[in-house]
Amino acid sequence: MAQNAYPKLHNAMWPGLVGKGEDEPPIGLDQMLDMTQAAAVDGVKFDGVDLFLADPHTSIDADDDTIKALADNVGGRGLGIGSAVAPVWPPVGGGSAMDEGDGRRAFLDAVRKACRIMGRLRELGVRKGGVIRIDTATGVAEWAADPAGNTAKMAETFRLACDIAEDHGERLAAEGEICWGGMHSWRHMVDLLEAVGRPKTLGFQADMAHTMLYAMGYNAPEHKLIEVGDLYDPAKLDASYKRIADALRPWTIDFHVAQNDGTVHGQGSHDRTGRHCMATDPNGKLDVVRHSGMWLKGPDGPASRGMRHICWDGCMFPNKVLETQQTWNDILATMIKVRDAHGWN
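Residues numbered from 1 in each chain as written. Predicted model: local features only at pLDDT ≥ 70, side-chain atom pairs only at ≥ 80, totals over all residues. Heavy atoms only, no water.

### Comments concerning the environment of Pro 234
Then, number 1: Secondary-structure assignment places Pro 234 in helix H8 (residues 234-248).
Then, number 2: Taking the C-alpha atoms as reference, Pro 234 lies 33 Å from Gly 48; in sequence the two are 186 residues apart. (Helix = DSSP H or I, 4+ residues; strand = E, 2+ residues; numbered from the N terminus.)

Below, the structure written as structure tokens:
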């Protein structure tokens, strides 16, 4: 049995969709749920899932009957629903947070629709907590044309998104990922959060793989903390990773357990972003259990801000890996170790 009741352990559904190329068709939601439900380690199972609100999994325009069917499908498997990704990007109907016109309207419409779906799932009893994840939906090069001006535009879009979230009783979390302009370095991420100035409504979603790349300054060399060779020096990696966690942990309201080998990776619609590795990958540079503690421990840890679950994130793996049940058993085993080491009751 797990030593701690919290955080609850969730599996992400978006690895079945994100970064798929022509040779890697999407993996359906039912199949992702099947593998999540089947995963078990010494009698411990996943507690729930986090969703991607986009076709072909869950349409952002889902009607009430579809939402009820989703609740029945997930809840009937003994799983809960936590956080969800709002489809704020132009390719799926959203828009850039930097665009003060149609892009902003599309971005906010995606947030509004996501709040509606997630609120209904809460009403139906299958969702007990979690956040709605957003990012700037803007490339680094576009942002860099006017950093201060564009950050101000993004902050205004995020403030308007906070208004929508508050009207629905929701919170938003911005995922720091090096491919999104204005969020592509740890310092820029803090700057944006502070510019928005709505800490009760907008927080940070920390992904272990993405935040490690912050230290390496891939898309923001001016904020680099370590060189590639330093990844093999535990003391240097720890010092740089702790600096980033200390800066962003007070904002963190959603957390993704993940592994990274220190390289960037792109596939399909996602390019030059964090390289997620399997939990058991010998090339992974993080000590997943120990480094999780930098985010989950301390008086300003996520539990102090209402976080009740953590989620695995591992995108852009071949379908043959994702469709292997042992993959999910290994992931669950790692998450159990994280909860045993850093959880609470």
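### Notes on the side chain of His 57
Then, number 1: The topology assignment puts His 57 in the loop between strand E2 (48-52) and helix H2 (64-75).
Then, number 2: Engagement of the side chain of His 57 in a polar contact is seen with the backbone nitrogen of Leu 29, the distance being 3.3 Å.
Then, number 3: Here His 57 is in contact with Met 13, Leu 17, Ile 27, Gly 28, Leu 29, Met 32 and Phe 52, once residues within four sequence places are set aside. (Polar contact = N/O pair within 3.5 Å; in protein donor to acceptor, adjacent residues only side chain to side chain. Contact = heavy atoms within 4.5 Å.)

### Digging into the environment of Met 278
Then, number 1: Position of Met 278 among the secondary structure elements: in the loop between strand E9 (270-277) and helix H9 (288-296).
Then, number 2: Distance from Met 278 to Pro 234, taken between C-alpha atoms, is 20 Å for residues 44 residues apart in sequence.
Then, number 3: Residues contacting Met 278, with those up to four places away along its chain left out, are Gln 259, Trp 312, Phe 317, Val 321, Thr 327 and Ile 331.

### Observations regarding helix H11 (residues 325-342)
Then, number 1: Between its terminal C-alpha atoms H11 stretches 26 Å, which fits the 26 Å expected from 18 residues at 1.5 Å a residue.
Then, number 2: Within the span of H11, buried status applies to Thr 327, Trp 328, Asn 329, Ile 331, Leu 332, Thr 334, Met 335, Ile 336, Val 338, Arg 339 and His 342.
Then, number 3: On its buried face, H11 sits against strand E1 (8-12), helix H1 (29-38), strand E7 (252-257), H9, strand E10 (309-312) and helix H10 (319-322). (Expected span 1.5 Å × (residues − 1). Buried < 20%, exposed > 50% of the residue type's maximum accessible area, 1.4 Å probe, protein only.)

### Some points on unusual backbone geometry
Then, number 1: Following Tyr 6, the chain continues to Pro 7 via a peptide bond in cis, the omega torsion being 0°.
Then, number 2: Locating Pro 7 in the fold gives a position in the segment before E1.
Then, number 3: The omega torsion of the bond from Asp 55 to Pro 56 falls at 5°, within 30 degrees of zero and hence cis.
Then, number 4: The residue Pro 56 is located in the loop between E2 and H2 in this model.
Then, number 5: Not every positive phi belongs to a glycine, and Asp 42 is a case in point at roughly 50°.
Then, number 6: For Asp 42, the location among the structural elements is in the loop between H1 and E2.
Then, number 7: In this model, Ala 137 sits at a positive phi of 55°, which is unusual for a non-glycine residue.
Then, number 8: Relative to the elements of secondary structure, Ala 137 occurs in the loop between strand E4 (132-134) and helix H4 (140-144).
Then, number 9: When its relative accessible area of 9% is taken as the criterion, Ala 137 is described as buried.

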